[in-house]
Number of protein chains: 2
Amino acid sequence: MTNPIDTLVHELAKLPGIGERTAMRLAIHVLRQPPEFGHRLAHSLNETVGKVHFCEECCNITTERLCHICKSERDEATLCVVEDIADLQAIEKTHCFRGKYHVLHGALSPVDGIGPDELKILELLTRIKASSAIKEIVIATNPSVTGDATALYLAKIIAPYNKIITRLASGIPVGSHIEFIDRNTLSRAMASRVSFQ
Amino acid sequence: MTNPIDTLVHELAKLPGIGERTAMRLAIHVLRQPPEFGHRLAHSLNETVGKVHFCEECCNITTERLCHICKSERDEATLCVVEDIADLQAIEKTHCFRGKYHVLHGALSPVDGIGPDELKILELLTRIKASSAIKEIVIATNPSVTGDATALYLAKIIAPYNKIITRLASGIPVGSHIEFIDRNTLSRAMASRVSFQ
């Protein structure tokens, strides 16, 4: 591994979803660009890693004390609890939620050794206790086994605080065909059917 | 774009095949690792870009005067001409070729403005002229329109040097089913059929 090009491929291949072949393709692309291209990426990496920590309020990642969402003016009454930063990003892109977030950084999964202490649940409870402005808590965990378990657990421990607790609707995705929807999704869509308005 | 995390996502999204969503996933992964992870990748980038140039002999990329293949002991009699470094890597992985390479860095494509001068064809001719040790030239361009055109062009201009000129066999991939093979591949496999031994 003394060849610097091999080292670069090796480092790139450590990224998730990047195999050795893709890493080689990425490395060749970077090396074909003007040197500034690679240096800018390197600079950006150096600038970010080590300076990133969790937002003191919502546990999103940030390089400051509070993340850009917590710093901006948002509706304090609604708190959306997500498993991951990527989920937060996805909801933000819809531009349909103006409340604040709380990032759990995972979902309960006893088989993987992830219990309540491994997630940012204590931080969530502290936040709910501290703020009387919070009226509704939207549990936006994934509609998966671990996401559902986490939602149930959260609903139970949040219950004593007298907040409205909601969940994202689960059902048939917009634009899809009933014919091709898996059985679980279809039965949940049927069970959660809403009145026609 | 003042947020360093956004900047990192932006820089990662410039890589080929990496969209904004994947860039975000990669950034989150890097930021979740110990800082050394990101710094190592940054270091590797800085160490490689700007120091990489073409091997003086075969036009492979290297940080030294000659690439590791040209420096190692290889069969001087066979020269394999490839379009790209990735093709060279793929052939190297088969461990079935012990000769040397020449990387063209592309294929002839007049519509994209890529003529002979844009490729390392002059370097190839200079090499063939200079070395009497070269007996056979394997043209290993892709079996595509541009690859075929490049192969035909090369065969024509190499002809005067009295070398054996060969091409990689093109046909049905090993392990595939004739039923599912596209018409072009199948007709080429039929046209290039070999005697049963």
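Scroll up to find the structure this text is about.
Trainee: Even after reading the chapter, I still don't get the overall build of chain A, so can you show me in this structure?
Mentor: Each helix and strand in chain A was counted, giving eight helices and six strands. Starting at the N terminus and walking to the C terminus, you meet the elements of chain A as α-α-α-β-β-α-β-α-β-α-β-α-β-α. Evaluated residue by residue, chain A yields a buried proportion of 40% over its 197 residues. In chain A, 46% of the contacts between residues at least 6 apart in sequence involve partners at least 24 apart.

Trainee: Mind showing me how you'd approach the environment of Ile-158 of chain A here?
Mentor: Residue and element names in this part refer to chain A. Positionally, Ile-158 belongs in helix α7 (residues 145–158). Given a relative accessible area of 0%, Ile-158 falls into the buried group. Along the backbone, Ile-158 and Leu-124 are 34 residues apart, and their C-alpha atoms lie at a distance of 9.3 Å.

Trainee: Mind showing me how you'd approach unusual backbone geometry here?
Mentor: Most peptide bonds take the trans configuration, and most residues that are not glycine carry a negative phi. All names here are of chain A. One non-glycine residue, Cys-59, adopts positive backbone phi at about 70°. With respect to the element layout, Cys-59 can be found in the loop between β1 (53–54) and β2 (61–62). A positive phi angle, close to 55°, is found at His-95, a residue other than glycine. With respect to the helices and strands, the residue His-95 is situated in the loop between α5 (85–94) and β4 (99–103).

Trainee: Would you explain helix α1 (residues 4–12) of chain B in this entry?
Mentor: Residues three or four positions apart in an α-helix share a direction because the helix packs 3.6 residues into each turn. All of the buried residues along α1 of chain B are Ile-5, Leu-8, Val-9, Glu-11 and Leu-12 of chain B. End-on view of α1 of chain B: buried residues confined to an arc of 165°, all on one side of the axis.

Trainee: Is there a simple way to explain the interface of chain A and chain B in this structure?
Mentor: Put simply, an interface is often sized by how much accessible area is lost when its parts join up. Tallying the contact residues gives 44 residues for chain A and 44 residues for chain B. Across the chain A to chain B interface the summed buried area is about 4,200 Å²; carbon plus sulfur atoms make up 71%. Viewed at the interface, chain B and chain A are joined by four salt bridges. Glu-11 of chain A is paired through a salt bridge with Arg-40 of chain B; the nearest N and O atoms lie 3.7 Å apart. On inspection of chain A and its partner chain B, the count reaches eight residue pairs in polar contact (both at pLDDT 80 or more). At the level of elements, α1 (4–12), α2 (20–32), α3 (35–48), β2 and α5 of chain A are the ones that each hand at least two residues to the side of chain A that touches chain B. Take the side of chain A that touches chain B: its biggest share by element is 11 residues, from α3 of chain A. Partitioned by chemical class, the residues of the side of chain A that touches chain B number 22 nonpolar, 14 polar and eight charged.

Trainee: Sorry if this is basic, but what is going on with the relation of the copies chain A and chain B here?
Mentor: Two copies of the chain are present, and they differ by a rotation about an axis and a shift along that axis. Note on the identical chains: chain A maps onto chain B by a rotation of 180° and an axial translation of 0.0 Å, with an RMSD of 0.1 Å. The transformation relating the two chain copies, once decomposed into turn and shift, fits a two-fold axis. Considering only C-alpha atoms, the part of chain A nearest the rotation axis is Ala-42 of chain A, at 2.0 Å. Comparing interface residues between copies, 100% of those in chain A also lie at the interface in chain B; the contact surface is shared.

Trainee: What exactly am I supposed to notice about the pattern of salt bridges here?
Mentor: Once their charged atoms are close, side chains differing in charge can pair, the charge on each being opposite to the other. Going through the model one piece at a time under the given rule, you end up with 24 salt bridges over all chains. Glu-57 of chain B is the salt-bridge partner of Arg-127 of chain B, the closest N and O atoms lying 3.6 Å from each other. Of this pair, Arg-127 of chain B sits in helix α6 (residues 121–130) while Glu-57 of chain B sits in the loop between β1 (53–54) and β2 (61–62); the two residues are 70 residues apart in sequence, bridging distant segments of the chain. Residue classification places Arg-127 of chain B among the buried positions, given a relative accessible area of 12%. Here the residues in one salt-bridge network are Glu-57, Glu-76, Lys-100 and Arg-127 of chain A, joined through shared partners.

Trainee: Where do I start with a nonpolar patch on the surface in this structure?
Mentor: Residue and element names in this part refer to chain A. On the surface, Ile-172, Ile-178 and Leu-186 cluster together into a nonpolar patch covering about 240 Å² of accessible area. Structurally, the position occupied by Ile-178 is in the loop between β6 (164–167) and α8 (183–191). On the basis of relative accessibility, which here comes to 55%, the residue Ile-178 falls in the exposed class.

Trainee: Please clarify how the packing of α2 of chain A against helix α5 (residues 85–94) of chain B should be interpreted in this entry.
Mentor: The relative placement of two packed helices comes down to the angle between their axes together with the axis-to-axis distance. Remark: α2 of chain A packs on α5 of chain B, axes separated minimally by 10 Å, with the N-to-C direction vectors making an angle of 145°. The handedness of the crossing between α2 of chain A and α5 of chain B is right-handed. Contacts between α2 of chain A and α5 of chain B involve Glu-20, Met-24, Ile-28 and Arg-32 of chain A on the former and, on the latter, Ile-85, Ala-86, Gln-89 and Lys-93 of chain B. Counted by class, the contact of α2 of chain A with α5 of chain B contains four nonpolar, one polar and three charged residues.

Trainee: When you look at the sheet that holds strand β3 (residues 75–82) of chain A in this model, what are you seeing that I'm missing?
Mentor: Sheets are built from strands paired through backbone hydrogen bonds, the pairs being either parallel or antiparallel. Residue and element names in this part refer to chain A. What the four strands build is an open sheet, ordered β4-β3-β5-β6; its pairing is parallel. Edge positions in the open sheet fall to β4 and β6, since each of these has one partner strand only. For this sheet the average axis-to-axis angle between neighbouring strands, irrespective of direction, equals 25°. Those strands touched by helix α6 (residues 121–130) are β3, β4 and β5 (136–140), and its axis lies near 150° from that of β4.

Calculation rules
- Residues numbered from 1 in each chain as written.
- Chains lettered and ligands numbered in written order.
- Predicted model: local features only at pLDDT ≥ 70, side-chain atom pairs only at ≥ 80, totals over all residues.
- Heavy atoms only, no water.
- Helix = DSSP H or I, 4+ residues; strand = E, 2+ residues; numbered from the N terminus.
- Buried < 20%, exposed > 50% of the residue type's maximum accessible area, 1.4 Å probe, protein only.
- Contact = heavy atoms within 4.5 Å.
- Arc of directions from axis to C-beta.
- Buried area = accessible area lost by both parts, 1.4 Å probe.
- Salt bridge = Lys/Arg side-chain N within 4 Å of Asp/Glu carboxyl O.
- Polar contact = N/O pair within 3.5 Å; in protein donor to acceptor, adjacent residues only side chain to side chain.
- Nonpolar A, V, L, I, M, F, W, Y, C, P; charged D, E, K, R; others polar.
- Least-squares fit on C-alpha atoms with pLDDT ≥ 70 in both.
- Patch = residues over 30% accessible without salt bridge, like charges linked within 9 Å, V, L, I, M, F, W, Y side chains within 5 Å.
- Areas by Shrake-Rupley, 256 points an atom, 1.4 Å probe, with all protein chains shown as cover.
- Axes fitted to C-alpha atoms, helices over the stretch in contact; angles between N-to-C directions.
- Left-handed = near helix turned anticlockwise from the far one by under 90°.
- Pairing = 2+ DSSP bridges.

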